[in-house]
Amino acid sequence: MNNLFKALNDSTRRQILDLLRGGDMNAGEIAERFDMSKPSISHHLDLLRQSGLVEATKQGQFVNYSLNTTVLDELLAWLISFQKADLSTTETSTPKKVS
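Since we're looking at a predicted model, the values are computed, not measured.

A few words now on helix H4 (residues 38–51). Helix length check: H4 (14 residues) gives 20 Å between terminal C-alpha atoms against 20 Å at 1.5 Å per residue, within 8%. Within H4, the full set of buried residues consists of Ile41, His44, Leu45, Leu47, Leu48 and Ser51. The arc that holds every buried residue of H4, seen down its axis, measures 155 degrees, which confines them to one face. Along H4, exposed side chains directed more than 90 degrees from the buried face belong to Lys38 and Pro39.

What follows deals with the nonpolar core. With 17 residues, the main nonpolar core has Ile16, Leu20, Ile30, Leu48 and Leu53 as its most contacted residues. Contributions of two or more residues to this core are made by helix H1 (2–8), helix H2 (11–21), helix H3 (27–32), H4 and helix H5 (69–80). Aside from chain neighbours lying at most four places away, what touches Ile30 is Ile16, Leu19, Leu20, Met25, Ile41, Leu45 and Tyr65.

If the charged atoms of two oppositely charged side chains come close together, the side chains can form a pair. Scanning the model with the defined rule gives two salt bridges in all. Salt-bridge contacts for Arg49 lead to Asp46; the nearest nitrogen and oxygen are separated by 2.7 Å. Residue Arg49 and its partner Asp46 are both found in helix H4; the two are separated by three residues, about one turn of the helix. The exposure class of Asp46 is partly exposed, given its relative accessible area of 29%.

Here we have three strands laid out as an open sheet, ordered E1-E3-E2, and antiparallel in their pairing. Either end of the sheet is taken by a strand with one partner, and the two such strands are strand E1 (25–26) and strand E2 (54–59). Two elements, E1 and strand E3 (residues 62–67), share two bridges in a ladder whose sense is antiparallel. For Asn26, the partnering residue across the bridge sits in E3 and is Asn64. Along the sheet face, H2 touches E1, E2 and E3 and points at about 90 degrees away from the line of E3.

The next thing to look at is the pairing of E3. As judged from the six bridges shared by E2 and E3, these two strands associate in the antiparallel manner. By the bridge assignment, Lys58 is partnered in E3 with Val63.

What follows concerns the packing of H2 against H4. At a minimum axis distance of 10 Å, the contact between H2 and H4 shows a crossing angle of 75 degrees. Comparing their axes, H4 and H2 come out roughly perpendicular. Contacts from Thr12, Arg13, Ile16 and Leu17 in H2 reach Ile41, His44, Leu45, Leu47 and Leu48 in H4. When its residues are assigned to classes, the contact of H2 with H4 shows six nonpolar, two polar and one charged.

The rules we used
- Residues numbered from 1 in each chain as written.
- Predicted model: local features only at pLDDT ≥ 70, side-chain atom pairs only at ≥ 80, totals over all residues.
- Heavy atoms only, no water.
- Helix = DSSP H or I, 4+ residues; strand = E, 2+ residues; numbered from the N terminus.
- Expected span 1.5 Å × (residues − 1).
- Buried < 20%, exposed > 50% of the residue type's maximum accessible area, 1.4 Å probe, protein only.
- Arc of directions from axis to C-beta.
- Core = buried A, V, L, I, M, F, W, Y, C linked by side-chain atoms within 4.5 Å.
- Contact = heavy atoms within 4.5 Å.
- Salt bridge = Lys/Arg side-chain N within 4 Å of Asp/Glu carboxyl O.
- Pairing = 2+ DSSP bridges.
- Axes fitted to C-alpha atoms, helices over the stretch in contact; angles between N-to-C directions.
- Parallel < 35°, antiparallel > 145°, perpendicular 65-115°, else oblique.
- Nonpolar A, V, L, I, M, F, W, Y, C, P; charged D, E, K, R; others polar.

Structure (structure tokens):
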């Protein structure tokens, strides 16, 4: 889970995830969208892959990246587990007046 939060903590990696929402892309196509070196983009892609947020598939000389929404589904389920099941049945106590 720590790798997941580390991956989501960086704006470049979040932008890469946004790009991949539009469909699979190879590393070169992703790198073209950013004003940084290809090794830097490769590092971001590797962290996203390690966190499970993206999947990498080698096709010839290219590595294609795609979103893995299963990890996001698991994160969302974990976060929702902290929410009370039914807030409408929660008793609220009113402070008693001290005389």
